[in-house]
Amino acid sequence: MATPALTEAPETPKKPAKIKLEYMTGFGNEFATEAVAGALPQGQNSPQTPPLGLYTEQLSGTSFTMPRASNRRTWAYRIKPSVVHKPYSLLPQGRMRSTPFDEVPAPPNQLRWNPLPMPTEPTDFVQGIHTLAGNGDASMQNGVGIHLYIANRSMENTCFYCADGELLIVPQEGACLFRTEFGVLEVKPGEICVIPRGIKFRVELLDKHTRGYICENYGQPFRLPDLGPIGANGLASPRDFQVPHAAFEDQDGDYRVVAKFGGRLWQAEYNHSPLNVVAWHGNYVPYKYDLYKFQCINTVSFDHPDPSIYTVLTAPSEIHGTANCDFGIFPPRWTVAEHTFRPPWFHRNFMNEFMGLVHGEYDAKAEGFLPGGASLHNCMSGHGPDAETFEKAVHAELKPQHLSGTMAFMFETRFICRPTRWAMETSELQNDYYECWQGLKKNFKGGH
């Protein structure tokens, strides 16, 4: 979406008015909250006359007949229902792309990108979305879109929703307020938030600018992974997920809603703020999570475990044990393995790995992988520690070591991630990435 050119950099955005944020806790719970006492009806979902003159509206995140354990829906009690708006019309796509990802052939090469530079023209969250890659078919509800975002101004009188998938947002720089239909989340680097499919929201900057990553999950909603023999506890604890209390805007005026629907951007005019839910109850809700609360499970004897032990959230597919997308992290942790090559081993995978770096360094790459940057290693493409990291690891003294000051993450998906044309042509693509492995020497001593 085009933005007007400026002759100078924009001023620091005004910070949103300070509000006291409180959260409910839990994952997949049945929540109930009201911003005005008496707004929630008691004993039924849709009374003939809802309290306080509100409208009743149900938002379904799954089919009506989904088994109860997986069923997602929320009842909202709002000042005006979502149907009150003028018709939607197409918008320019900007840098945002969707399925089918067929602009350019997907190469089997290892790919890596530098961080996106911050914008110099006024750019809000939606205008700053740059699609890097994706897969699957949004209309068939499988696959993912992988995006980067940059912004230097808040969204004003504008909201956004995605009908194609839920959005897992990973800030890398700059805190933001996510004002949603169901309440307000403050999210800073080191945290994530998930905005389910269809929920409208507005992003307000709390710092001069912001940058981060988005996984647009076209498939089944993210959930906590099963723990198997780990037991009842470990990894991400359900009680550490935070859900907003109801908060609403009773404002009339000129508003617009931008929708991602069917792979395209659309815009409609509203005569009121769509963030007008006074009370709600249900389990289809936005939420946030502090990645530093993740409990790592790691070896205390030998060998590097599979990275699946770092899974925070998983979106399953119809194939048991094969995720549409896993979200895993590599946070600060102890490494104590004996007589072991401690960094991730060289590997080729059935799954496809997109990696980002929120903070610090990643233990498999000595240099070149920068906070805000990204890498993509597709199905069966060899990858692993660079030459410098390898040499250090094979000669390291194997004493207990705390990997501190780091936070890397991975979107791991079952389909090949197909880069966009922009991703393959941008100057941020590191065309010399392959060089980091060319220094690996032949060490074989068993020849004749």
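This text follows the structure it describes.
Note that the structure is predicted; figures quoted are calculated from it, not measured.

Chemist: Report on empty space enclosed by the protein, specifying residues and quantitative values.
Modeler: Taken as a whole and assessed by the stated rule, the structure comprises two cavities of 30 Å³ or more. Approximately 160 Å³ is the volume attributed to the largest cavity. Around the largest cavity, the lining is made up of 14 residues, and of these F27, R72, N283, V285 and Y287 lie nearest the centre. Residue composition of the lining of the largest cavity, by class: nine nonpolar, three polar and two charged.

Chemist: Can you explain the nonpolar core? Please cite residues and give values.
Modeler: One finds F125, L168, L313, F327, F354 and F411 to be the most contacted residues of the largest nonpolar core, which totals 88 residues. When residues in this core are grouped by element, the largest group, six residues, is from strand 8 (residues 144–151). Core analysis: the next-biggest nonpolar cluster, separate from the first, contains eight residues, Y161, Y255, A259 and L275 among them.

Chemist: So what's going on with the side chain of Q172? Residues and values would help.
Modeler: Looking at the secondary structure, you find Q172 in strand 10 (residues 166–173). A relative accessible area of 9% places Q172 in the buried class. At 3.4 Å, the side chain of Q172 and the backbone oxygen of V358 are in polar contact. Those residues in contact with Q172 that sit more than four places away from it in its chain are P189, R211, G212, Y213, L357, V358, P371 and G372.

Chemist: Mind laying out the pattern of salt bridges, listing which residues take part and the relevant values?
Modeler: Should their charged atoms come close, side chains of opposite charge can pair. Evaluated as defined, the whole model comprises 16 salt bridges. Here R78 and E57 are joined by a salt bridge, their closest N and O atoms 3.0 Å apart. Of this pair, R78 sits in strand 4 (residues 73–78) while E57 sits in strand 3 (residues 55–60), and the two are 21 residues apart along the sequence. Both residues of the pair, R78 and E57, count as buried. Between K86 and E269 there is a salt bridge, with its nearest N and O atoms 3.5 Å apart. Here E269 lies in strand 18 (residues 264–272) and K86 lies in the loop between strand 4 and strand 5 (89–90), a separation of 183 residues in the sequence. Among the charged side chains, a network of salt bridges with common partners joins R179, R202, E204 and E249.

Chemist: Tell me about the side chain of S273, residues and numbers included.
Modeler: With respect to the helices and strands, the residue S273 is situated in the loop between strand 18 and strand 19 (277–282). The exposure class assigned to S273 is buried, which follows from its relative accessible area of 1%. Side chain to side chain, S273 and E249 meet in a polar contact 2.6 Å long. Separated by 3.2 Å, the side chain of S273 and the backbone nitrogen of L275 make a polar contact. Contact partners of S273, with chain neighbours within four places excluded, come to E249, Q251 and Y255.

Chemist: How would you explain the sheet that holds strand 1 (residues 23–25) if you had to name every residue and give the values?
Modeler: With antiparallel pairing, nine strands are arranged side by side in an open sheet as 1-16-20-13-10-15-8-7-28. Both outer strands of the open sheet, strand 1 and strand 28 (418–419), are each paired with one neighbouring strand and no more.

Chemist: Outline a nonpolar patch on the surface, listing residues and values.
Modeler: There is a patch of nonpolar side chains on the surface, built from V36, L52 and F248 and spanning about 240 Å² of accessible area. Owing to a relative accessible area of 32%, V36 belongs among the partly exposed residues under this scheme.

Chemist: If you had to explain the sheet that holds strand 22 (residues 323–330) to someone new, which residues and values would you point to?
Modeler: Strand order in this open sheet of six strands is 6-25-24-27-22-21, and the pairing throughout is antiparallel. The open sheet is flanked by strand 6 (111–113) and strand 21 (311–316), the only strands paired with a single partner. Neighbour-to-neighbour, the strand axes of the sheet open up by a mean angle of 15°, direction not taken into account. The pairing of strand 6 with strand 25 (residues 374–377) spans three bridges and is antiparallel. Paired with R112 across the strands is S375, a residue of strand 25.

Chemist: An account of the pairing of strand 11 (residues 176–180) is needed here, citing residue identities and associated values.
Modeler: The element strand 11 is extensively covered by neighbouring structure, given that five of its five residues are classed as buried. Burial along strand 11 is two-sided: the residues C176, F178 and T180 and L177 and R179 are all buried. Taken together, the five bridges between strand 11 and strand 14 (residues 201–205) define a ladder with antiparallel strand orientation. When the bridges of strand 14 are listed, R179 appears paired with R202. Looking at chain direction, strand 11 and strand 12 (residues 183–187) are connected through five bridges and run antiparallel.

Rules behind the numbers
Numbering of residues begins from 1 in every chain and follows the order in which that chain's sequence is written. For a predicted model such as this one, the threshold for reporting local features is a pLDDT of at least 70, and the threshold for listing and counting side-chain atom pairs is 80 or more; totals across whole chains, interfaces and linings nevertheless cover every residue. Based on all heavy atoms of the structure, the side-chain values leave hydrogens and waters out of the count. Cavity means a closed set of points on a 1 Å grid over the protein atoms alone, one where a 1.4 Å probe fits but cannot get out, pocket means an open set with protein on both sides within 12 Å along at least 5 of 7 lines, and lining means a residue has an atom within 4 Å of a point. Grid points are joined across faces, edges and corners, and a volume is the space filled by probe spheres set on the points. Three classes are used, and their members are as follows: Ala, Val, Leu, Ile, Met, Phe, Trp, Tyr, Cys and Pro are nonpolar, Asp, Glu, Lys and Arg are charged, and the others, Gly among them, are polar. The definition of a nonpolar core used throughout is a set of buried Ala, Val, Leu, Ile, Met, Phe, Trp, Tyr and Cys residues joined through side-chain atoms within 4.5 Å. Summary of the burial criterion: residues with accessible area below 20% of their type's maximum are buried, those above 50% are exposed, and those between are partly exposed, where the area comes from a 1.4 Å probe applied to protein chains only. Strands are runs of DSSP state E lasting at least 2 residues, helices are runs of H or I lasting at least 4, and numbering of each runs from the N terminus. Any N or O atom pair separated by 3.5 Å or less is treated as a polar contact, with the protein-specific requirement of one donor-capable and one acceptor-capable atom, and with residues adjacent in sequence counted only for side-chain atom pairs. The contact rule is simple, with two residues in contact once any of their heavy atoms fall within 4.5 Å. When a carboxyl oxygen of Asp or Glu lies within 4 Å of a side-chain nitrogen of Lys or Arg, that pair is called a salt bridge. When DSSP finds two or more bridges between two strands, those strands count as paired. Like-charged residues are merged into a patch within 9 Å and nonpolar side chains (Val, Leu, Ile, Met, Phe, Trp, Tyr) within 5 Å, provided each residue has over 30% relative accessible area and no salt bridge. We get accessible surface area from the Shrake-Rupley algorithm with a probe of 1.4 Å; when it comes to residues, only the shown protein chains can shield them. Axis lines are fitted to C-alpha atoms, over the contacting stretch for helices. Their N-to-C directions set the angle, which ranges from 0 to 180 degrees.

These figures capture arrangement, not role.
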